Amino acid sequence: MDQQLREETTRTIKDAGVEFIHLWFTDILGFLKTLVLTVDELDNAMTEGMGFDGSSIQGFSRTEESDMIAIPDPSTLQLTRWRNSGELIAIMHCNIVTPDGEPFAGDPREVLKRQLRKAAEKGYTFYVGPELEYYYLKNDKKPKVVDTAGYFDQSVRDLSFDLRGETVRELRKAGIQVEYSHHEVGPSQHEIDLRFQEALKMADAVIMYRVIVKEVALRNGVYATFMPKPIHGEAGNGMHVHQSLFTGDKNAFFDANARFNLSDTCMSYIAGLLEHAPAFSLVTNQWVNSYKRLVSGYEAPIYICWAHRNRSSLVRIPLYKPGKEQSTRIELRSPDPACSPYLAFAVMLAAGLDGIERGLIPPENVTSDVHMMSAKKLKSSGIELLPGDLNQAIDRFEESTLMRECLGDEVFEYLLRNKREEWDAYRTRVSRWEIDRYLPLL
């Protein structure tokens with residue numbers, strides 16, 4: 001680690017009068033973990049790291065291999081006010097290593113870094129811009145909304161409008177660039193879009209984003225949820241991910257002489273996403289509830305196809321504006337905001353790079369609404385469906401050599417075990433719907 005950067009980080013924290021430093025990392029499922037230390041321990045933490053019991057973290061290690069070390073990355077330093085106290089704290093994301101100093105293969109941040117290194121070896125930098133949707137609810141017990149507005153609506157009477165504004169201010173204070181925010185389709189559903197940046201920095205920002213959204217809601221007496229489908233009959237929460245590859249300062253997805261101004265590199269990247277989407281769905285849509293969102297009728301994609309500006313497709317090509325070549329990008333619309341951003345960005349990149357390496361060519365783009373096509377038309381067009389539930393996603397994931405290669409054996413096997421357990425727990429549970437529907441009849 002760069003000595004000068006460590007010294008600058010320590011000086012910044014001390015000059016700001018910060019007393020506590022929060023060290024952040026996530027488990028394999030994307031849940032945030034925190035170590036808190038005083039400023040007196042900072043130098044030691046950045047040089048030696050902070051030890052912890054990895055066997056107590058989801059998917060990290062077995063009991064006999066439990067020692068893990070969290071080393072804060074000073075380049076991720078953020079200063080922010082903590083909850084209602086207003087106390088200024090420092091936050092740094094961590095790299096997880098084993099006692100012998102080797103990067104821990106099960107660290108989601110390391111999984112993404114491995115894919116980014118692979119891209120860099122081919123001359124690419126991976127940029128992403130996610131659009132995270134969420135709901136404001138009255139509490140975490142029942143999904144009762146706090147506003148009844150709709151898409152892009154603004155009402156001076158809505159508490160949600162003030163909450164969203166407060167959240168944007170907090171994000172900016174934490175150094176996270178916000179492109180814009182708005183009310184989404186569902187009642188009490190909102191979206192704050194982050195300005196695109198390099199994927200590792202963005203994954204860190206997504207973790208901070210989710211914390212800030214929830215913290216602002218909490219201190220205003222409401223609950224914010226990123227649950228993919230919290231309310232039956234309403235739009236689900238998605239995380240559309242805009243993505244592009246750059247070679248230096250040049251957008252590798254742009255070609256002025258190509259159809260739609262999309263380069264061969266971009267077309268092969270799209271083909272890779274389409275081919276591997278069924279397998280990586282277990283990562284981008286990792287919960288039983290995720291597949292309640294991926295149904296027809298709510299603008300959520302269920303068909304594996306791509307289109308130029310068509311929002312019913314899995315991969316969408318946003319409108320190209322002359323003179324804005326750097327903004328040429330593709331949008332993957334299936335992920336939801338309850339995933340691990342590190343693993344999600346990693347599998348997207350792996351799929352796209354595989355398409356480039358193999359020179360894959362995508363099928364013809366779809367110009368009509370896929371949801372209105374007949375089964376015969378879908379079949380003749382070669383359009384397949386995403387997994388319809390978590391069990392189908394598990395099967396497609398398990399048979400994918402690319403997913404194993406991307407995630408590594410440790411993460412791959414853990415996800416299989418964990419998701420099988422989740423599916424078994426779900427399929428054997430007698431739901432309220434079943435009681436209401438069948439008990440009076442059977």
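Each remark here, short or long, concerns the structure printed above.
The structure reproduced in this document is the subject of the present report. Numbers given for residues are sequential positions, taken from 1 along each chain in its written order. Selection of residues for local features in this predicted model requires a pLDDT of at least 70, selection of side-chain atom pairs for listing and counting requires 80 or more, and totals for whole chains, interfaces and linings are taken over all residues. For the side-chain quantities, the full set of heavy atoms in the structure was used; hydrogens and water were omitted.

**Focus on the overall build of the chain**
Within the chain, the secondary structure is distributed over 12 helices and 18 strands. The size measure is the radius of gyration over C-alpha atoms, and the globule rule it meets is 2.2 Å times the number of residues to the 0.38 power. Scaling as 2.2 N^0.38, a compact globule of 442 residues should have a C-alpha radius of gyration of about 22 Å, and the chain matches this with 22 Å. Here the C-alpha coordinates of the chain stretch approximately 70 × 55 × 50 Å along the principal axes. Classification of the 442 residues of the chain by burial places 55% in the buried group. When the accessible surface of the chain is totalled, it reaches about 20,400 Å², and 49% of it is carbon and sulfur. Under the counting rule used here, the positive set is Lys and Arg, the negative set is Asp and Glu, and His together with the chain ends is not counted. Throughout, a charge is located at the NZ atom of Lys, the CZ atom of Arg, the CG atom of Asp or the CD atom of Glu. Taken together, the 52 basic and 64 acidic charged side chains of the chain have centroids lying 7 Å from each other. Each helix is a run of H or I in the DSSP string that is no shorter than four residues. Each strand is a run of E no shorter than two, and both are numbered from the N terminus. Partly exposed describes any residue whose relative accessible area lies between the buried limit of under 20% and the exposed limit of over 50%, with all areas from a 1.4 Å probe on protein chains only and scaled to the type maximum. A 1.4 Å probe and the Shrake-Rupley method give the accessible areas. Residues count as covered only by the protein chains that appear here.

**Topic: the pattern of salt bridges**
Every case where a carboxyl oxygen of Asp or Glu lies within 4 Å of a side-chain nitrogen of Lys or Arg is listed as a salt bridge. Tallied over the entire structure, the rule returns 22 salt bridges. Among the salt bridges present, the one from Glu 166 reaches Arg 219, with a minimum N-O distance of 2.9 Å. Of this pair, Glu 166 sits in helix α4 (residues 159–173) while Arg 219 sits in helix α5 (residues 199–219); the two residues are 53 residues apart in sequence, bridging distant segments of the chain. A salt bridge links Arg 432 to Asp 436; the nearest nitrogen and oxygen atoms lie 3.1 Å apart. One end of the pair, Arg 432, and the other, Asp 436, are both in helix α12 (residues 432–438), 4 residues apart, so they sit about a helical turn from each other.

**Structural notes on the side chain of Arg 333**
By the secondary structure assignment, Arg 333 is in the loop between β17 (330–332) and α8 (341–358). A residue is classified by how much of its surface remains accessible, and Arg 333, at 1% relative accessible area, is buried. The definition of a polar contact used here is a pair of N or O atoms within 3.5 Å, where within protein one atom must be able to donate a hydrogen and the other to accept one, and adjacent residues in sequence count solely through side-chain atom pairs. A distance of 3.5 Å separates polar atoms of two side chains, one belonging to Arg 333 and the other to His 240.

**Remarks on the packing of α8 against helix α11 (residues 401–427)**
Viewed as axis vectors pointing N to C, α8 and α11 meet at an angle of 150 degrees, and their least axial separation amounts to 9 Å. When the interaxial angle is binned, α8 and α11 end up roughly antiparallel. Along the contact surface, α8 presents Leu 343, Ala 346, Val 347, Ala 350, Ala 351 and Asp 354, while α11 presents Leu 402, Met 403, Cys 406, Leu 407, Val 411 and Leu 415. In this count, Pro and Cys sit with the nonpolar residues alongside Ala, Val, Leu, Ile, Met, Phe, Trp and Tyr, while Asp, Glu, Lys and Arg are called charged and the others, Gly among them, polar. Here the contact of α8 with α11 is built from residues that sort into 11 nonpolar, no polar and 1 charged. Between the N-to-C directions of two axes lies an angle of 0 to 180 degrees, each axis being a line fitted to C-alpha atoms and, for a helix, fitted only over the stretch in contact. Between 65 and 115 degrees an angle is taken as roughly perpendicular, under 35 as roughly parallel, over 145 as roughly antiparallel, and anywhere else as oblique. We call two residues in contact when some of their heavy atoms are within 4.5 Å.

**A look at α4**
Between its first and last C-alpha, α4 extends 21 Å over 15 residues, near the 21 Å set by a 1.5 Å rise per residue. Along α4, the residues that are buried comprise Ser 160, Leu 163, Arg 164, Glu 166, Thr 167, Val 168, Glu 170 and Leu 171. Close packing links the buried residues of α4 with β7 (125–137), β8 (178–183), β9 (189–194) and α5. Immediately downstream of α4, the backbone of Gly 175 shows phi near 85 degrees, a positive value. The length a helix should cover is 1.5 Å for every residue beyond the first.

**Some remarks on the nonpolar core**
Within the largest apolar cluster, 104 residues are counted, with the highest numbers of intra-cluster contacts made by Val 315, Phe 345 and Leu 407. Counting residues per element, this core draws most heavily on α5, at 14 residues. Apart from residues lying up to four places away in sequence, Phe 345 is in contact with Leu 112, Phe 126, Val 128, Pro 130, Ala 199, Met 202, Ala 203, Val 206, Met 239 and Val 241. Buried Ala, Val, Leu, Ile, Met, Phe, Trp, Tyr and Cys residues that are joined via side-chain atoms within 4.5 Å together make up what is termed a nonpolar core. In terms of nonpolar packing, the next biggest core, distinct from the first, is built from 20 residues, Ile 21, Leu 23, Val 39 and Met 92 among them.

**Regarding a nonpolar patch on the surface**
Patch criteria: residues need more than 30% relative accessible area and no salt bridge. Like-charged residues are merged within 9 Å; nonpolar side chains of Val, Leu, Ile, Met, Phe, Trp and Tyr are merged within 5 Å. Among the surface-exposed residues, Trp 433, Tyr 438, Leu 441 and Leu 442 lie close enough to one another that they form a single nonpolar patch of about 540 Å² accessible area. Counting through the fold element by element, Trp 433 comes out in helix α12.

**Overview of the packing of aromatic side chains**
Planes of paired rings set the category: under 30 degrees apart is stacked, over 60 is edge-to-face and the rest tilted, where pairs are Phe, Tyr or Trp rings (Trp by its six-membered ring) whose centres lie within 6.5 Å. The tally for this structure, following the rule as stated, stands at 12 aromatic pairs. Centroid distance Tyr 127 to Phe 246: 5.1 Å. Interplanar angle 70 degrees. Geometry classified as edge-to-face. With Tyr 127 in strand β7 and Phe 246 in strand β12 (residues 239–247), this residue pair connects regions lying 119 residues apart in the sequence. Residue class for Tyr 127 comes out partly exposed when judged on its relative accessible area of 23%. An aromatic cluster is present here, built from Tyr 134, Tyr 136, Tyr 209 and Phe 226 joined pairwise through their rings. For a lysine, the NZ atom is tested; for an arginine, the CZ atom; a charge sits over a ring if that atom is within 6 Å of the ring centre and within 35 degrees of the ring normal. Over the face of the ring belonging to Trp 287 we find Lys 419, whose NZ or CZ atom lies 3.8 Å from the ring centre.

**Focus on a negative patch on the surface**
Residues Asp 2, Glu 7, Glu 8 and Asp 43 make up a contiguous surface patch of negative charge. Looking at the secondary structure, you find Glu 7 in helix α1 (residues 3–15). Its relative accessible area of 41% is what places Glu 7 among the partly exposed residues.

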